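# Descriptive structure summary
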Amino acid sequence: TTLFRSSYVMTETDKKCKNGDIWQLGRHFLACGDSLKAETYANLMGDKRANMVLTDPPFNDVVADIGSMGKIKHDEFVMASGEMSVTEFTGFLKTFMQHAKNYSVDGSLHYLFMDWRHILEISTAASSVYDEIKNICVWVKNNGGMGSLYRSQHELCFIYKDGKSPHTNNINLGAHGNYRTNVWQYAGANGSAEGRENLKLHPTVKPVIMLKDAILDDS
């Protein structure tokens with residue numbers, strides 16, 4: 001199992017890392033590198049290819065507007081933290097998507113979280129990289145967060161297919177007892193003490209159980 005991320009927030013542990021490091025975590029591997037560069041994937045993957053991609057790229061929103069709560073504050077991301085134009089952010093996403101595609105098997109599904117403000121950019125970038133959009137899942141949180149006009153209580157997860165081979169489908173419309181819809185209901189970071197603690201690690205932290213469920217859908 002490998003992890004693709006397009007950005008991260010530096011922690012004390014991360015300060016021991018340097019660009020190009022590959023960390024082994026049991027059966028898993030974590031790369032410290034730039035997701036916009038092909039060598040990052042080559043160093044991590046070698047001759048292996050991913051069966052699935054599940055990632056949370058930066059949203060090109062100002063972090064202070066999306067991930068701060070009370071005394072919890074985060075620095076801005078190095079890139080795609082509100083400074084990019086529509087064209088620049090579209091190119092940013094397209095570059096990452098193409099690398100992820102190049103290091104995935106034909107028929108793999110790619111799950112990409114994105115803020116609703118950037119539906120245009122992610123859709124435009126994906127249309128020139130992926131072969132099909134399979135669905136858009138909506139993560140509905142228990143409580144509303146930051147927002148304008150309305151408080152935001154959801155995030156979107158776009159699901160794209162790479163290639164023409166059959167994709168793994170452990171849901172099959174509930175035929176095998178795994179009933180799932182494209183509305184994912186999980187508590188957000190401000191919905192529990194554990195979530196608020198996790199929010200210290202990342203401004204758009206995701207519940208582990210939600211990611212686990214998504215992986216089991218496609219494993």
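Residues numbered from 1 in each chain as written. Predicted model: local features only at pLDDT ≥ 70, side-chain atom pairs only at ≥ 80, totals over all residues. Heavy atoms only, no water.

## Structural notes on the overall build of the protein chain
The helix and strand tally for the protein chain stands at 6 helices and 10 strands. Intrachain contacts of the protein chain at a sequence separation of at least 6 include 73% that bridge at least 24 residues. A total of about 12200 Å² of accessible surface is found on the protein chain, and carbon and sulfur atoms cover 54% of it. (Helix = DSSP H or I, 4+ residues; strand = E, 2+ residues; numbered from the N terminus. Contact = heavy atoms within 4.5 Å. Areas by Shrake-Rupley, 256 points an atom, 1.4 Å probe, with all protein chains shown as cover.)

## Here's the deal with the sheet that holds strand S6 (residues 132–140)
Read across the open sheet, the 5 strands follow the order S4-S5-S9-S6-S10; overall the sheet is mixed. Every other strand in the sheet has two partners, leaving strand S4 (50–55) and strand S10 (183–185) as the edge strands with one partner each. Each neighbouring strand pair of the sheet contributes to a mean axis angle of 20°, computed without reference to strand direction. Where S6 and strand S9 (residues 154–162) come together, 8 bridges link them in antiparallel fashion. The residue bridging Glu132 from the neighbouring strand is Lys161, located in S9. (Pairing = 2+ DSSP bridges. Axes fitted to C-alpha atoms, helices over the stretch in contact; angles between N-to-C directions.)

## Quick word on helix H3 (residues 86–102)
Along its 17 residues, H3 runs 24 Å from first to last C-alpha, staying within 8% of the 24 Å computed at 1.5 Å per residue. Buried residues of H3: Phe89, Thr90, Phe92, Leu93, Phe96, Met97, His99, Ala100 and Lys101, and no others. Buried residues belonging to H3 abut helix H1 (38–45), S4, strand S5 (104–114), helix H4 (119–127) and S9. (Expected span 1.5 Å × (residues − 1). Buried < 20%, exposed > 50% of the residue type's maximum accessible area, 1.4 Å probe, protein only.)

## Some remarks on the pairing of S5
Within S5, 9 of the 11 residues are buried, leaving the element largely enclosed by the surrounding structure. In this sheet, S5 lies alongside S4 in parallel orientation, the contact comprising 5 bridges. Considered in S5, the bridge of Thr55 is made with Leu112. Here 7 bridges tie S5 to S9, and the two strands are oriented antiparallel to one another.

## A few points about the packing of aromatic side chains
Under the defined criterion, the tally for this structure stands at 5 aromatic pairs. Centre to centre, the rings of Tyr41 and Tyr103 are 5.9 Å apart; their planes meet at 25°, and the pair counts as stacked. Here Tyr103 lies in the loop between H3 and S5 and Tyr41 lies in helix H1, a separation of 62 residues in the sequence. An identical accessibility class is assigned to Tyr41 and Tyr103; each is buried. Between Phe89 and Phe92 the ring centres are 5.9 Å apart and the planes differ by 25°, which places this aromatic pair in the stacked class. Note that Phe89 and Phe92 are positioned in helix H3 at a spacing of 3 residues, about one turn of the helix. Judged by relative accessible area, Phe92 falls into the buried class, the value being 6%. By the ring-pair criterion, three or more aromatic residues cluster together here, those being Tyr130, Phe158 and Tyr160. Its guanidinium or amino end placed over the ring of Trp139, Lys141 lies 4.6 Å from that ring's centre, counting from NZ or CZ. Across the ring face of Phe113, the terminal group of Lys206 is positioned such that the distance to the ring centre comes to 5.0 Å. (Phe/Tyr/Trp six-rings, centres within 6.5 Å; stacked < 30°, edge-to-face > 60°. Lys NZ or Arg CZ within 6 Å of the ring centre and 35° of its normal.)

In short, geometric facts, not functional conclusions.
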